[in-house]
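Observations on the three-dimensional arrangement
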Amino acid sequence: MEDGPVNLREFQELAKRNLPKMYYDYFSGGAEDQFTLRENVEAFQRIMLRPRILVDVSKIDMSTTLLGYNMSSPILVAPTGSQQLAHPQGELATARAAAACNTIMVLSFASNYSLEDVASTCSAVRFYQLYVRSGFDAFCLCFHCFITCSFEQFLQVFKRRDVSAALLQRAERNGYKAIVVTVDTPRLGRREADIKNKMIMPRNSNLEGLISVDVNPTGGSKLEAFASETLDPSLSWKDIEWLKSITKLPIMVKGIITAEDARKAVDAGVSGIVVSNHGARQLDYTPPTISVLDEVVKAVSGAVPVLLDGGVRRGTDVFKALALGAKAVMIGRPVVYGLAVKGEHGVRSVIKMLQNELELTMALAGCPTLRDITRNHVMINYERPRSPL
Ligand SMILES: Cc1cc2nc3c(=O)[nH]c(=O)nc-3n(C[C@H](O)[C@H](O)[C@H](O)COP(=O)(O)O)c2cc1C
Ligand SMILES: CC(C)CC(=O)C(=O)O
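Residues numbered from 1 in each chain as written. Chains lettered and ligands numbered in written order. Predicted model: local features only at pLDDT ≥ 70, side-chain atom pairs only at ≥ 80, totals over all residues. Heavy atoms only, no water.

**What about the site of ligand 2?**
Neighbouring ligand 2 are the residues Y26, A110, Y131, L188, R191, L223, F226, H278 and R281. Side-chain polar atom of Y131 to an oxygen atom of ligand 2: 2.5 Å apart, as the coordinates give it. H278 places a polar side-chain atom, nitrogen or oxygen, 2.9 Å from an oxygen atom of ligand 2. Burial of ligand 2 by the protein amounts to 94% of the accessible area it has alone, namely 280 Å². In terms of residue class, the shell around ligand 2 is made up of six nonpolar, one polar and two charged. (Near = heavy atom within 4 Å. Polar contact = N/O pair within 3.5 Å; in protein donor to acceptor, adjacent residues only side chain to side chain. Areas by Shrake-Rupley, 256 points an atom, 1.4 Å probe, with all protein chains shown as cover. Nonpolar A, V, L, I, M, F, W, Y, C, P; charged D, E, K, R; others polar.)

**A closer look at unusual backbone geometry**
Of note in the backbone geometry, L67 takes a positive phi value of approximately 50 degrees without being a glycine. By secondary structure assignment, the location of L67 is in the loop between β2 (64-66) and β3 (69-71). The partly exposed category is assigned to L67, whose relative accessible area is 27%. Of note in this structure, S82 is not a glycine but carries a positive phi near 55 degrees. (Helix = DSSP H or I, 4+ residues; strand = E, 2+ residues; numbered from the N terminus. Buried < 20%, exposed > 50% of the residue type's maximum accessible area, 1.4 Å probe, protein only.)

**Here's the deal with the site of ligand 1**
Residues in close proximity to ligand 1 total 22 residues, the closest being P79, S108, T182, D309 and R313. At 2.9 Å, a side-chain N or O of K254 approaches a nitrogen atom of ligand 1. The side chain of D309 places a nitrogen or oxygen atom 2.7 Å from an oxygen atom of ligand 1. With the chains in place, 98% of the 600 Å² that ligand 1 exposes on its own is no longer accessible. Classifying every residue of the shell around ligand 1 by side-chain character gives six nonpolar, 11 polar and five charged.

**A few points about the nonpolar core**
By size, the foremost hydrophobic cluster in this structure holds 101 residues, and its most contacted members are Y128, L130, I179, I273, I290, L293 and L308. Per-element tally for this core: the top contributor is helix α15 (residues 333-365), with 14 residues. Filtering out sequence-adjacent residues up to four positions away, Y128 remains in contact with V106, L107, S108, F109, L115, L167, A171, Y176, A178, I179, V180 and N206. (Core = buried A, V, L, I, M, F, W, Y, C linked by side-chain atoms within 4.5 Å. Contact = heavy atoms within 4.5 Å.)

**A short note on the pairing of strand β6 (residues 126-130)**
Burial runs high along β6: five of the five residues are buried. Here β6 shows two buried faces, one formed by R126, Y128 and L130 and the other by F127 and Q129. Taken together, the three bridges between strand β5 (residues 105-107) and β6 define a ladder with parallel strand orientation. Considered in β6, the bridge of V106 is made with F127. Taking the sense of rotation as the criterion, the β-α-β connection linking β5, helix α5 (residues 115-121) and β6 turns out right-handed. (Pairing = 2+ DSSP bridges. Right-handed = clockwise from strand over helix to strand, strands pointing away.)

**Thoughts on the packing of helix α12 (residues 259-267) against helix α13 (residues 289-300)**
Between α12 and α13, the least distance of the axes is 8 Å, while the angle of their chain directions is 35 degrees. Considering only the axes of α12 and α13, their crossing is right-handed. Across from A259, E260, A262, R263 and V266 in α12, the residues of α13 making contact are E295, V296, A299 and V300. Here the residues of the contact of α12 with α13 are counted per class, giving six nonpolar, no polar and three charged. (Axes fitted to C-alpha atoms, helices over the stretch in contact; angles between N-to-C directions. Left-handed = near helix turned anticlockwise from the far one by under 90°.)

**A look at helix α8 (residues 161-173)**
A rise of 1.5 Å per residue sets the reference length of α8, with its 13 residues, at 18 Å; its end C-alpha atoms lie 18 Å apart and thus fit the reference within 8%. Summarising burial for α8: 10 of the 13 residues are buried, a large majority. Within two residues after α8, G175 carries a phi angle of roughly 80 degrees, on the positive side. (Expected span 1.5 Å × (residues − 1).)

**Comments concerning the UniProt feature "active site" (unreviewed entry) in the protein chain**
On the UniProt side, "active site" (unreviewed entry) is annotated at positions that read H278 here. One can find H278 in the loop between β9 (272-275) and α13. We classify H278 as buried; its relative accessible area is 12%. If sequence neighbours within four positions are ignored, H278 has contacts with Y131, T182, D184, T185, R191 and K254. A distance of 3.4 Å separates a polar atom in the side chain of H278 from a polar atom in the side chain of Y131. (UniProt positions renumbered as here; feature names shortened; annotations may be inferred.)

**Comments concerning the pattern of salt bridges**
One pass over the structure, following the stated rule, counts 10 salt bridges. Notably, a salt bridge pairs R348 with E344, separated by 3.0 Å at the nearest N-O pair. Here the residue R348 and the residue E344 both occupy positions in helix α15, the gap between them amounting to four residues, near one helical turn. Overall, R348 belongs to the partly exposed group, its relative accessible area being 34%. Exposure remark for E344: the relative accessible area of 22% places this residue in the partly exposed category. Each member of the salt-bridge network shares a partner with another, and the members are R96, E344 and R348. (Salt bridge = Lys/Arg side-chain N within 4 Å of Asp/Glu carboxyl O.)

Shown next as structure tokens:
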């Protein structure tokens, strides 16, 4: 008999027991009615598999590459903020676990440990997730934009350049290999549990000395106060151009769920797209990510790799996403639950568990390599099943 949790859902149950309610609610919760939160998971359950038989599956190879970097499997760690609320070692433990599993961790802009600390804790390939922020703390002069924009545009562009540019430079200096710009968060989604719990906003080491955020101590969710002072609602496609102009690192955009935006992203010259609805924490009643993967993949037509996150809880889910054209998937909450249950060891177990499930799925579906997984291996019924009553 195996000790401890045997699947990702059991990790969630254990994490719920281990964590104070405020923190568990923050990690597990979604926006408003949490319709999309449920759908992200349930939509996978409406996709059936079409296994092929009598294929030699004595060896299974799950290895792949992303932006030229090797990975043991197509499963990455999604950026999630405030990991010290799950475990004192927070992002350090997650980074070490990702390294041990030979996968890529995307470090959140809202990490508790600084991007320098995370870089020095392991030598694995890491990406850095960026929120482009607003505020007038310090100006840096940009002559090009001064002469090409109206004064209003000039101020708009100005106000978010300094901090983002500083963070990009630090990410480059510390060996991060790509920037993942999150584009679905012009404002924070309405997370009602956090409002009720008066969710705290823990320390953000990356922003120390760059921004002083006035988090209203008497309001509802402090996270919301932090976000309203930190996120830039005027972010637009031209800012992607600007980001590209100030870094040599490849830029991926995270938070695309329509073919129209996927085409715009390719036109803007991004190096990759993450189909994501932010784990259903932003706009409720957006479709589950797995249901829009197909349209995004078609729109992108192989120009750049397409990743998916949201509701991936089983190796079969990973397989389904790959069958529908994803290059890889990212997991958010399961990593945090692993961290809450057993720190670095817990995160390793979560990643390994999903990798093992994927490996078994590939064997049982007759796919010895990732290239063998095709659209013909899935059957889709996205309609929500009607209630039998
Ligand atoms: C607690 C929590 C914090 C998150 N913080 C960030 C963040 O700082 N930046 C970001 O781009 N996405 C953030 N996300 C979204 C994740 O990157 C990812 O899109 C989502 O968790 C995937 O869905 P899943 O949790 O169902 O796997 C967060 C998600 C959670 C659950
Ligand atoms: C600071 C927040 C914006 C972090 C986040 O993205 C989230 O909690 O979903």
